[in-house]
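Fold and geometry: a report
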Amino acid sequence: MLGNFTYCNPTKIYFGKGALDGLKAELPKYGKNVLLVYGGGSIKKNGVYEKVTAILRECGKTVAEDAGVMPNPTVDKLHEGIERAKAAKADFILAVGGGSVCDYAKALSVSVNCEEDPWDKYFTRFEEPSCELVPVGCVLTMVGTGSEMNGGSVITNHEQKLKIGHVFGEEVFPKFSVLDPEFTFTLPKYQMVAGFYDIMSHILEQYFSGTDDNTSDYVMEGLLRSLIHSALIAVDDPTNYEARSNIMWTATWALNTFVAKGKDTDWEVHMLGQAVGALTNATHGMTLAAVSMPYYKHILPYGLAKFKRYAVNVWGVSAAGKTDEQVAREGLAAMEAWMRKLGLVMDLTSLGVTEDMLDDLVKSTLYMQGGYKVLTPAEAREIFKESL
Ligand code: NZQ
Ligand code: ZN
């Protein structure tokens with residue numbers, strides 16, 4: 001492990017059946033006015049809303065609501081939320097939902113008291129907050145993004161055809177997150193498996209970088225094996241608590257900054273996926289699934305040793321009597337077969353992308369420096385085209 005780092009994760013986790021009781025311990029630490037943030041209504045159908053609001057009442061909070069946070073939350077919604085938070089004099093933001101709701105709550109946290117335009121400051125100039133923040137807590141209902149234990153916030157600006165993530169520092173991490181695997185049981189299968197692939201992608205974005213012998217890579221191989229195993233169980237038996245709880249915890253560790261320590265990281269699959277998201281509003285995990293195979297096949301020659309290691313240590317491919325490239329390609333083939341078993345979307349056409357969008361997709365793509373190959377716009381175009 002050759003990199004230097006500091007490590008601190010300030011988010012307290014309440015995990016497991018009945019974890020929502022943790023809210024009773026946490027809420028008294030914050031002011032009286034709570035802004036309850038949630039999405040399009042799933043929490044009202046599955047009973048989570050009732051449970052959360054009962055605890056808010058029990059804790060004597062004055063509650064204002066900011067509902068309707070859409071998947072891939074937009075900058076327009078953020079402006080609406082800022083007005084609601086100000087009107088409610090919010091002391092605390094409680095996010096109840098998936099990554100979109102948690103991300104949005106963090107964007108709100110840094111924007112309520114911000115005197116500049118938050119899109120320009122945080123998502124264009126990537127500045128850090130200089131205003132007073134409104135603290136955030138999360139009750140997670142969809143697994144995948146890791147937003148419950150990180151500083152990430154991804155906001156979409158349809159006008160500018162951009163979907164941009166800002167990874168904020170520790171002060172923006174949720175103060176606490178409640179993770180009850182049973183709260184995720186009502187997810188439609190499409191969302192559930194999209195989340196599974198998001199986890200896979202987060203780990204791979206960090207794994208496929210660097211050439212040093214690094215503890216983080218060994219940790220990631222363990223997380224990947226657990227995910228691959230449990231996802232196959234959950235896809236046939238979505239209410240299997242053991243599988244869903246393993247996946248929930250793997251998702252958190254996949255992107256709570258721990259496995260990135262001491263390493264470079266890539267994130268180019270996410271950049272390609274976010275360009276697709278900006279233009280189509282497609283489900284995040286599916287945008288990643290659709291571009292991954294063409295991307296990894298393209299960069300494999302530049303990171304051959306790591307792709308071979310991935311094949312052997314994660315997918316159990318035997319290296320005996322084969323060239324490194326054969327082993328590496330067998331690993332990707334095993335990964336592709338797993339993706340198809342889960343029912344992931346494997347092409348951009350199914351997500352609404354057409355060939356005439358290729359130029360805009362390339363323009364919306366950011367190019368990262370930490371992977372095995374820095375893509376050129378022409379290569380990105382080729383990968384998008386192969387993904388159609
Ligand atoms: O809005 P509701 O009605 O709640 O429905 C949601 C939404 O339609 C539904 N859902 C969530 N929990 C449910 C449920 N339906 C039934 N039962 C439940 N228990 O699922 C749909 C998708 O939810 P969403 O929050 O959009 O999904 P996800 O968690 O995948 O979040 C996606 C967003 O997170 C960003 C993505 O770009 C995207 O904007 N990301 C955030 C990251 C971070 N903070 O570090 C990293 C990721 O790479 C990602 O970019
Ligand atoms: Zn992701």
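Residues numbered from 1 in each chain as written. Chains lettered and ligands numbered in written order. Predicted model: local features only at pLDDT ≥ 70, side-chain atom pairs only at ≥ 80, totals over all residues. Heavy atoms only, no water.

Here the zinc ion (ligand 2) is held by D198 (OD), H202 (NE2), H270 (NE2) and H284 (NE2), and the distances to it run 2.0 to 2.2 Å. Counting gaps between the donor residues of the zinc ion (ligand 2) yields the pattern D-x3-H-x67-H-x13-H. Taken together, the positions of D198 and H202, both in helix α7 (residues 189–207) and 4 residues apart, correspond to about one turn of that helix. H202 matches D198 in its accessibility class, with the two residues each being buried. (Donors = N, O, S within 2.8 Å, 3.2 Å for Na, K, Ca; no water. Helix = DSSP H or I, 4+ residues; strand = E, 2+ residues; numbered from the N terminus. Buried < 20%, exposed > 50% of the residue type's maximum accessible area, 1.4 Å probe, protein only.)

Often, the extent of an interface is quoted as the loss of accessible area on bringing the components together. Taken domain by domain, the protein comprises domain 1 (12–183) and domain 2 (190–387). When each unit is reduced to the centre of its C-alpha atoms, the spacing between domain 1 and domain 2 is 27 Å. With 27 residues of domain 1 in contact, the opposing surface of domain 2 contributes 26 residues. Taking both sides of the interface into account, the surface hidden between domain 1 and domain 2 amounts to around 2,200 Å²; carbon and sulfur atoms contribute 65%. Considering only the side of domain 1, the residues that lose the most area to domain 2 are V143, K161 and K163, jointly responsible for 26% of the buried surface there. At the boundary of domain 1 with domain 2, the tally comes to 1 salt bridge. With a shortest N-O distance of 3.2 Å, D360 and K161 are connected by a salt bridge. Between domain 1 and domain 2 we count 9 residue pairs in polar contact (both at pLDDT 80 or more) in total. Among the secondary structure elements, those contributing two or more residues to the side of domain 1 that touches domain 2 are β1 (12–15) and β7 (162–167). (Domains from an automatic or database assignment. Contact = heavy atoms within 4.5 Å. Buried area = accessible area lost by both parts, 1.4 Å probe. Salt bridge = Lys/Arg side-chain N within 4 Å of Asp/Glu carboxyl O. Polar contact = N/O pair within 3.5 Å; in protein donor to acceptor, adjacent residues only side chain to side chain.)

Here we take up the pairing of strand β6 (residues 152–157). Burial analysis of β6 places 5 of its 6 residues in the buried class, which makes it a mostly covered element. In this antiparallel pair of consecutive strands, β6 and β7, the connection spans 4 residues, and K161 shows a positive phi of 55 degrees. (Pairing = 2+ DSSP bridges.)

All right, on to the nonpolar core then. With 103 residues, the main nonpolar core has M200, Y296, Y310, M335, W338 and F384 as its most contacted residues. Per-element accounting of this core gives the leading share, 10 residues, to α7. Taken domain by domain, the makeup of this core includes at least three residues from each of domain 1 (12–183) and domain 2 (190–387). Look past the residues within four positions of Y296 in its chain and what remains in contact with it is L204, E205, F208, V269, F307, L332 and M335. In terms of nonpolar packing, the next biggest core, distinct from the first, is built from 22 residues, A19, L23, V52 and I55 among them. (Core = buried A, V, L, I, M, F, W, Y, C linked by side-chain atoms within 4.5 Å.)

Side chains of M1, F5, Y7 and F258 sit close together on the surface and give an oily, nonpolar patch of about 360 Å² of accessible area. With respect to the element layout, F258 can be found in the loop between α9 (241–254) and α10 (268–280). (Patch = residues over 30% accessible without salt bridge, like charges linked within 9 Å, V, L, I, M, F, W, Y side chains within 5 Å. Areas by Shrake-Rupley, 256 points an atom, 1.4 Å probe, with all protein chains shown as cover.)

Before going further, it helps to examine the packing of aromatic side chains. Each aromatic ring pair is specified by the distance between its two centres and by the angle formed by the two planes. Applying the stated criterion to the full structure yields 18 aromatic pairs. On the numbers, 5.9 Å between centres and 15 degrees between planes, the contact of F92 with F176 is stacked. With F92 in strand β4 (residues 92–97) and F176 in strand β8 (residues 176–179), this pair connects stretches of sequence that are 84 residues apart. Exposure class is identical for F92 and F176. Each is buried. Ring centres of Y207 and Y310 lie 5.9 Å apart, and the angle between their planes is 55 degrees; on these two criteria the pair is classed as tilted. With Y207 in helix α7 and Y310 in helix α12 (residues 304–313), this pair connects stretches of sequence that are 103 residues apart. The exposure classification of Y207 matches that of Y310, with both residues buried. (Phe/Tyr/Trp six-rings, centres within 6.5 Å; stacked < 30°, edge-to-face > 60°.)

A few words on the packing of helix α8 (residues 215–236) against α9. Direction vectors running N to C along α8 and α9 enclose 145 degrees, while the axes themselves pass 9 Å from each other. Where α8 crosses over α9, the two elements pack in a sense that is left-handed. Of α9, the residues touching α8 (which contributes L223, S226, L227, S230, A231, I233 and A234) are A243, R244, N246, I247, T250, W253 and A254. Tallied by class, residues from the contact of α8 with α9 come to 9 nonpolar, 4 polar and 1 charged. (Axes fitted to C-alpha atoms, helices over the stretch in contact; angles between N-to-C directions. Left-handed = near helix turned anticlockwise from the far one by under 90°. Nonpolar A, V, L, I, M, F, W, Y, C, P; charged D, E, K, R; others polar.)

Let us look at the sheet that holds β1. Spatially, 6 strands are ordered β1-β8-β5-β4-β2-β3 in an open sheet, and the strand pairing comes out parallel. Since the sheet does not close on itself, it has two edges, and those belong to β1 and β3 (62–66), each with one partner. Taking each pair of neighbouring strands and ignoring which way they run, the sheet shows an average axis angle of 20 degrees. Where β1 meets β8, 4 bridges bridge the pair, whose relative direction is parallel. In the strand pairing of β8, K12 is matched with F176. Of the strands in this sheet, β2 (33–38), β3, β4 and β5 (136–140) are in contact with helix α3 (residues 48–58), which crosses β2 at around 175 degrees.

Attention now goes to the state of the cysteines. In the structure shown here, the tally under the stated rule is 0 disulfides. Sulfur of C59: no disulfide; nearest cysteine sulfur belongs to C138 and is 17 Å away. Since its relative accessible area comes to 25%, C59 is described here as partly exposed. With no disulfide of its own, C102 has C138 as its nearest cysteine by sulfur position, at a separation of 3.5 Å. (Disulfide = S-S within 2.5 Å.)

The next point concerns helix α15 (residues 377–387). Looking only at α15, the buried set comprises E379, A380, I383, F384 and S387. For α15, the arc enclosing every buried residue in end-on projection is 140 degrees, short of the 170-degree limit, so these residues lie on one face. On its buried face, α15 is in contact with α10, α11 (284–299) and α14 (358–364). (Arc of directions from axis to C-beta.)

The next subject is the site of ligand 1. Residues in contact with ligand 1 amount to 30 residues; listed here are only the nearest, G40, S42, G99, S100 and D103. Between K163 and ligand 1, the recorded distance is 2.9 Å, taken from a side-chain N or O atom to an oxygen atom. One of the side-chain nitrogen or oxygen atoms of H284 is found 3.0 Å away from an oxygen atom of ligand 1. Compared with its free state, where it exposes 960 Å², ligand 1 has 89% of that area covered by protein. (Near = heavy atom within 4 Å.)

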